[in-house]
Amino acid sequence: MLDSTTAAAAAGTWKLGDLTVNRVGFGAMRLTGTAPFDMGAPSDRERSIHVLRRAVDLGVNHIDTAAFYFSSLRSANELINRALAPYPDDLVIVTKVWPGRNTSGEWWWATPEQLRGQVEENLRQLGRDHLDVVNLRVPPSRRSGSIAEHFGALAGLRDAGLVRHLGVSNVTPEQLAEARAIAPVVCVQNPYGIGAPAEDQEFVRACGEQGVAFVPFFAIAGAGREAGASGTDSETVLAVARAHGVTPAQVRLAWILQQGPHVLAIPGTSDPEHLAANVAAGALRLSDDDMALLAGDHLARQPGPAR
């Protein structure tokens, strides 16, 4: 059984450029309401503020957010501002641009020239003069295309002092290489978790070799994505959880953190108890046998050759 007060520092640290963060962070997507990307039912404001303050109390100093995380009454950035400003000196806030949502919640995608407006929107909502890290979040339609024009515009904002460090999200290895040829990249944010295909696992390893942090999203939710975990964990994940007296979500987070010292976790929740459990997962160490079981379970669930 993990101690629910275990600090985020239990998993160790990594540097995003010159900014040191604990490897267990917090994702703000689920703070705003019942559905991250539609108006849904707004969250309880005071509860969300409590969760953010409790996260910092537990040692979280890496918060992932975006201006497009909002419901009808709640904005993740404004909740962060209300809960945590004046910000602790060691707190690193990471946001992302390229996607946007209008006031009705409809999506739009910025041109390179519009990225400055998106950066300034994040600055205004967070009440900051510069952003610690900004990820260029690549749209699904551009997964095989060039990102040079957009990333170059973002690099210009870094040169202007609005942004301290740059990252990329939802990218291919080729797009990462393209971005790194333009400006330093401190992190990659891609979907990743137990059961990820071999090419994704190789990309994680490659990021480590390049000194780039890998920050997976949907590490707990898996195929549930924005809707959250489906509750259909495999028997292997359940067995490993029972053996350690922990939850399947904690096993998934521990597995993520054991993929390499450069791999960070940003689980999100609006529930204080889930928050404490997520942070405590940073102290869980899976054995070699556990990792082999989880790897074998993944292989067993892969489709066989066509007949």
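This text goes with the structure placed above it.
Report on the accompanying structure. (Residues numbered from 1 in each chain as written. Predicted model: local features only at pLDDT ≥ 70, side-chain atom pairs only at ≥ 80, totals over all residues. Heavy atoms only, no water.)

### Here's the deal with the overall build of the chain
Broken down by element type, the chain carries 10 helices and 11 strands. Computed over its C-alpha atoms, the radius of gyration of the chain comes to 19 Å, within 12% of the 19 Å expected for a compact globule of 307 residues. Dimensions of the chain along its principal axes, counting C-alpha atoms only, are 50 × 50 × 35 Å. For the chain, buried positions account for 52% of its 307 residues. Of all intrachain contacts in the chain linking residues separated by at least 6 positions in sequence, the fraction that spans at least 24 positions is 74%. (Helix = DSSP H or I, 4+ residues; strand = E, 2+ residues; numbered from the N terminus. Rg over C-alpha atoms; globule rule 2.2 N^0.38 Å. Buried < 20%, exposed > 50% of the residue type's maximum accessible area, 1.4 Å probe, protein only. Contact = heavy atoms within 4.5 Å.)

### Quick notes on the sheet that holds strand β3 (residues 26-27)
The parallel open sheet is built from seven strands, whose spatial order is β3-β4-β5-β8-β9-β10-β11. Edge positions in the sheet fall to β3 and β11 (213-214), since each of these pairs with one other strand and no more. Pairing analysis gives three bridges linking strand β9 (residues 163-169) to strand β10 (residues 187-189), with the strands arranged parallel. Residue pairing in the sheet places G167 in a bridge with C187 of β10. (Pairing = 2+ DSSP bridges.)

### Details of helix α7 (residues 235-244)
For α7, the set of buried residues is T236, V237, V240 and A241. One side of α7 carries all its buried residues, which in axial view fall inside an arc of 135 degrees. Those residues of α7 that are exposed and angled more than 90 degrees off the buried face are R242 and A243. Looking at the residues trailing α7, positive phi occurs at G245, about 70 degrees. (Arc of directions from axis to C-beta.)

### Remarks on the side chain of H150
Here H150 lies in helix α4 (residues 148-159). Among the polar contacts made by the side chain of H150, one reaches the main-chain carbonyl oxygen of A110 at a distance of 2.8 Å. (Polar contact = N/O pair within 3.5 Å; in protein donor to acceptor, adjacent residues only side chain to side chain.)

### Observations regarding the pairing of strand β5 (residues 92-97)
Across the six residues of β5, six count as buried, placing the element largely inside the fold. Looking at chain direction, strand β4 (residues 62-64) and β5 are connected through three bridges and run parallel. Paired with D64 across the bridge in β5 is V94. The handedness of the β4 to β5 crossover, carried by helix α2 (residues 76-84), is right-handed. Relative to strand β8 (residues 131-137), β5 runs parallel, the two sharing four bridges. When the bridges of β8 are listed, T95 appears paired with V134. (Right-handed = clockwise from strand over helix to strand, strands pointing away.)

### Overview of the packing of aromatic side chains
Applying the stated criterion across every chain yields a total of five aromatic pairs. Taken together, the ring pairs connect Y192, F203, F214 and W255 into an aromatic cluster. The ring of F70 carries the charged tip of R101 above its face, separated from the ring centre by 4.0 Å. Here the guanidinium or amino end of R128 rests over the ring plane of Y87, the centre of that ring lying 4.9 Å away. (Phe/Tyr/Trp six-rings, centres within 6.5 Å; stacked < 30°, edge-to-face > 60°. Lys NZ or Arg CZ within 6 Å of the ring centre and 35° of its normal.)

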